[in-house]
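One-letter residues, chain by chain:
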Amino acid sequence: MHKNTICIWYDKDAEAAARFYADLFPDSAVTRVTHAPGDYPSGQKGDVLTVEFTVCGIPCLGLNGGPAFSHSEAFSFQISTEDQAETDRYWDAIVGNGGEESACGWCKDRWGLSWQITPRTLMEALAAGGDEAKRAFDAMMQMRKIDVAAIDAARKG
């Protein structure tokens, strides 16, 4: 049992989401599925109630709590990538599995959870500050999925 775990509310698909994440990201796994011991407002005895899983080493608990709450961009996972191939793989898997694109490296999975697929070169450029950061930032603002070559070119000016 971890001292701190991120609890993510799902309507009814916590297990499917957790298995998708575990298959996609390294250092990720589904570790426990718990079934409801009795009926509850959005489910019945025997339904999957909670799913314990990790995403890139971060402990999470998926709760099948019903349709009362939905995800928003106020919470997201930021996944750091090394190159364009890794960026493409994660982005394409999330968007191509019923998700949707957004701006500046953000996308949503089919359950409505937001992801930032962020190449390391972008974060390094922003951390550098000054003109390099401004050029990389301006380039990023025109993108949906981050283009590593375009960010690298912007960094150099």
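**Q** What am I meant to see in the packing of aromatic side chains here?
**A** Geometry of an aromatic ring pair is reported as the spacing of the ring centres plus the angle between the planes. For the structure on display, the rule yields 10 aromatic pairs. Ring geometry for F20 and W111: centres 5.7 Å apart, planes at 55 degrees, overall tilted. Of this pair, F20 sits in helix α1 (residues 14–24) while W111 sits in the loop between β7 (106–108) and β8 (114–119), and the two are 91 residues apart along the sequence. Of the residues examined, F20 reaches a relative accessible area of 17% and is grouped as buried. Taking the relative accessible area as the measure of exposure, W111 reaches 14% and is therefore buried. Ring geometry for F75 versus F77: centroids 5.4 Å apart, planes at 80 degrees, classification edge-to-face.

**Q** Looking at this structure, how should I read the state of the cysteines?
**A** Following the criterion strictly, the structure yields zero disulfides and no others. Not part of a disulfide, C104 finds its nearest cysteine sulfur in C107, a span of 12 Å. Owing to a relative accessible area of 18%, C104 belongs among the buried residues under this scheme.

**Q** For this particular structure, what's the right way to read the packing of helix α4 (residues 130–140) against helix α5 (residues 148–156)?
**A** Between two packed helices, what matters for the description is the angle formed by their axes and the separation of those axes. One can describe the packing of α4 onto α5 by two numbers: an axis separation of 7 Å at closest approach and a directional angle of 150 degrees. With respect to their mutual orientation, α4 and α5 come out roughly antiparallel. Pair α4 / α5 crosses with right-handed handedness. Contact residues: E132, R135, A136, A139 and M140 in α4; I151, A154, R155 and K156 in α5.

**Q** Is there a simple way to think about the environment of G129 in this case?
**A** With respect to the helices and strands, the residue G129 is situated in the loop between α3 (120–128) and α4. G129 gets classed as partly exposed once you look at its relative accessible area, which sits at 25%. Measuring from C-alpha to C-alpha, the distance between G129 and R19 comes to 39 Å, with 110 residues separating the pair along the chain.

**Q** Help me understand the nonpolar core in this model?
**A** It is characteristic of soluble globular proteins that their nonpolar side chains tend to be buried jointly. Among the nonpolar cores identified, the biggest contains 24 residues, and Y10, Y21, F25, F53 and W115 are the most heavily contacted of them. Broken down by secondary-structure element, the contributors of at least two residues to this core are β1 (6–10), α1, β3 (48–55), β5 (76–81), α2 (84–96) and β8. Ranked by residues supplied to this core, first place goes to α1 with six residues. In this view, F25 contacts V55, C56, I79, Y90, I94 and W115; residues no more than four positions away in its chain are not counted. Membership of the second largest hydrophobic core comes to 10 residues, among which are L122, A125, M143 and I146.

Definitions and limits used
- Residues numbered from 1 in each chain as written.
- Predicted model: local features only at pLDDT ≥ 70, side-chain atom pairs only at ≥ 80, totals over all residues.
- Heavy atoms only, no water.
- Phe/Tyr/Trp six-rings, centres within 6.5 Å; stacked < 30°, edge-to-face > 60°.
- Helix = DSSP H or I, 4+ residues; strand = E, 2+ residues; numbered from the N terminus.
- Buried < 20%, exposed > 50% of the residue type's maximum accessible area, 1.4 Å probe, protein only.
- Disulfide = S-S within 2.5 Å.
- Axes fitted to C-alpha atoms, helices over the stretch in contact; angles between N-to-C directions.
- Parallel < 35°, antiparallel > 145°, perpendicular 65-115°, else oblique.
- Left-handed = near helix turned anticlockwise from the far one by under 90°.
- Contact = heavy atoms within 4.5 Å.
- Core = buried A, V, L, I, M, F, W, Y, C linked by side-chain atoms within 4.5 Å.

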